[in-house]
Amino acid sequence: IEIKKYPRLTEVGAWRSGTNFQSGNNIDPNPHGGFYTQEEIKDVVAYAKDRYVTVVPEVELPGHSLAALAAYPELSCTGGPFKIPERWGIQEDIYCAGKEEVFVFLENVLAEVVELFPSETIHIGGDEAPKKRWSACP
Ligand SMILES: [Zn+2]
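Keep in mind it's a predicted model, so treat the numbers as computed, not measured. (Residues numbered from 1 in each chain as written. Predicted model: local features only at pLDDT ≥ 70, side-chain atom pairs only at ≥ 80, totals over all residues. Heavy atoms only, no water.)

Engineer: How should the overall build of the chain be read in this particular structure?
Structural biologist: Summing up its helical and strand segments, the chain has five helices and four strands in all. Secondary structure elements of the chain occur, N-terminal to C-terminal, as α-β-β-α-β-α-α-β-α. By the compact-globule yardstick of 14 Å for 138 residues, the chain fits well, its C-alpha radius of gyration being 16 Å. If you line up the chain on its principal axes, its C-alpha atoms span 45 × 40 × 25 Å. Residue burial in the chain is summarised as follows: out of 138 residues, 35% are buried. Long-range contacts, defined as pairs at least 24 residues apart, comprise 68% of the intrachain contacts of the chain with a sequence gap of at least 6. If you sum the accessible surface of the chain, you get close to 8600 Å²; carbon and sulfur atoms cover 54% of it. (Helix = DSSP H or I, 4+ residues; strand = E, 2+ residues; numbered from the N terminus. Rg over C-alpha atoms; globule rule 2.2 N^0.38 Å. Buried < 20%, exposed > 50% of the residue type's maximum accessible area, 1.4 Å probe, protein only. Contact = heavy atoms within 4.5 Å. Areas by Shrake-Rupley, 256 points an atom, 1.4 Å probe, with all protein chains shown as cover.)

Engineer: What am I meant to see in the coordination of the zinc ion here?
Structural biologist: Reference values for coordination geometry: four tetrahedral donors around a metal ideally subtend 109.5 degrees, six octahedral donors ideally subtend 90 or 180 degrees. At this site the zinc ion is bound by Cys 77 (SG), Cys 96 (SG) and Cys 137 (SG), with donor distances of 2.1 to 2.2 Å. Read in sequence order, the donor residues coordinating the zinc ion give the pattern C-x18-C-x40-C. Separated by 60 residues along the polypeptide, Cys 77 in the loop between helix 3 (66-71) and helix 4 (100-116) and Cys 137 in the segment after helix 5 (132-136) bring together distant segments of the chain. (Donors = N, O, S within 2.8 Å, 3.2 Å for Na, K, Ca; no water.)

Engineer: Quick question: what am I supposed to make of the environment of Pro 29 here?
Structural biologist: Within the secondary structure, Pro 29 is located in the loop between strand 1 (15-16) and strand 2 (32-33). Considered as a pair, Pro 29 and Arg 16 are 13 residues apart in the sequence and their alpha carbons are 9.5 Å apart. In this structure, Pro 29 is in contact with Ser 17 and Gly 18, ignoring residues within four places of it in sequence.

Engineer: How should the side chain of Asp 93 be read in this particular structure?
Structural biologist: For Asp 93, the location among the structural elements is in the loop between helix 3 and helix 4. A polar side-chain atom of Asp 93 sits 2.7 Å from a polar atom in the side chain of Arg 133. Those residues in contact with Asp 93 that lie beyond four places of it in its chain are Ser 65, Leu 66, Leu 69, Thr 78, Phe 82 and Arg 133. (Polar contact = N/O pair within 3.5 Å; in protein donor to acceptor, adjacent residues only side chain to side chain.)

Engineer: Can you walk me through the pattern of salt bridges in this structure?
Structural biologist: Opposite charge on two side chains permits them to pair, given that their charged atoms come into close proximity. If you walk through the whole model with that rule in mind, you get six salt bridges. Two residues, Lys 42 and Glu 39, come together in a salt bridge whose shortest N-O distance is 3.0 Å. Of this pair, Lys 42 and Glu 39 are both found in helix 2 (residues 38-50), three residues apart, which corresponds to roughly one turn of the helix. With a relative accessible area of 41%, Lys 42 lands in the partly exposed category. Across the salt bridge formed by Lys 132 and Glu 92, the nearest N and O atoms sit 3.4 Å from each other. One end of the pair, Lys 132, is in helix 5; the other, Glu 92, is in the loop between helix 3 and helix 4, and 40 residues separate them in sequence. Here the salt bridges share partners, and the residues they tie into one network are Glu 92, Asp 93, Lys 132 and Arg 133. (Salt bridge = Lys/Arg side-chain N within 4 Å of Asp/Glu carboxyl O.)

Engineer: Would you explain the environment of Lys 5 in this entry?
Structural biologist: Within the fold, Lys 5 resides in the segment before helix 1 (8-11). Separated by 91 residues in the primary sequence, Lys 5 and Cys 96 place their C-alpha atoms 20 Å from one another. Setting aside chain neighbours within four positions, we find Lys 5 in contact with Asn 108 and Glu 112.

Engineer: Help me understand unusual backbone geometry in this model?
Structural biologist: Most peptide bonds adopt trans geometry, and most residues besides glycine take a negative phi value. Residue Leu 61 is joined to Pro 62 through a cis peptide bond whose omega torsion reads -5°. One can find Pro 62 in the loop between strand 3 (58-61) and helix 3. For the peptide bond that leads from Gly 80 to Pro 81, omega is 5°, which places it in the cis range. Summarising the element assignment, Pro 81 is placed in the loop between helix 3 and helix 4. Even without a glycine there, the phi angle at His 64 is positive, about 50°. With respect to the helices and strands, the residue His 64 is situated in the loop between strand 3 and helix 3. Classification of His 64 by relative accessible area gives partly exposed; the value is 34%. Positive phi outside glycine occurs at Glu 128, with the angle close to 50°. As for its placement among the helices and strands, Glu 128 is situated in the loop between strand 4 (123-125) and helix 5.

What is shown is where atoms sit, not what they do.
Printed below as a string of structure tokens:
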């Protein structure tokens, strides 16, 4: 989703250099990605609402955040640099829990998200977040 306060989320974080669609080692080397603009999200929400469906967004944290960390590596424990993963799965680099700027970032992102989605619930994930980096973080 386009987040106006953090343009690198879509400029950098929405694109990967290749994709591993299947288990195994084959990578489709074609760049892939994309994102919804905030105007497109409004259209999706309105389309769903017309059909009595409520869209509940998931903004995964603190794990599954490597694309965001590639865009803003200062939000990690190590400072990066990071590459957008080409494979599905769990990554050890997650948002740093010890930096105030991470919470400011997340609050700013969620502030834009809640303006877009009228749902009473915003899913913030919470799964698949290894604590290895946190254990070693000052
Ligand atoms: Zn940390």
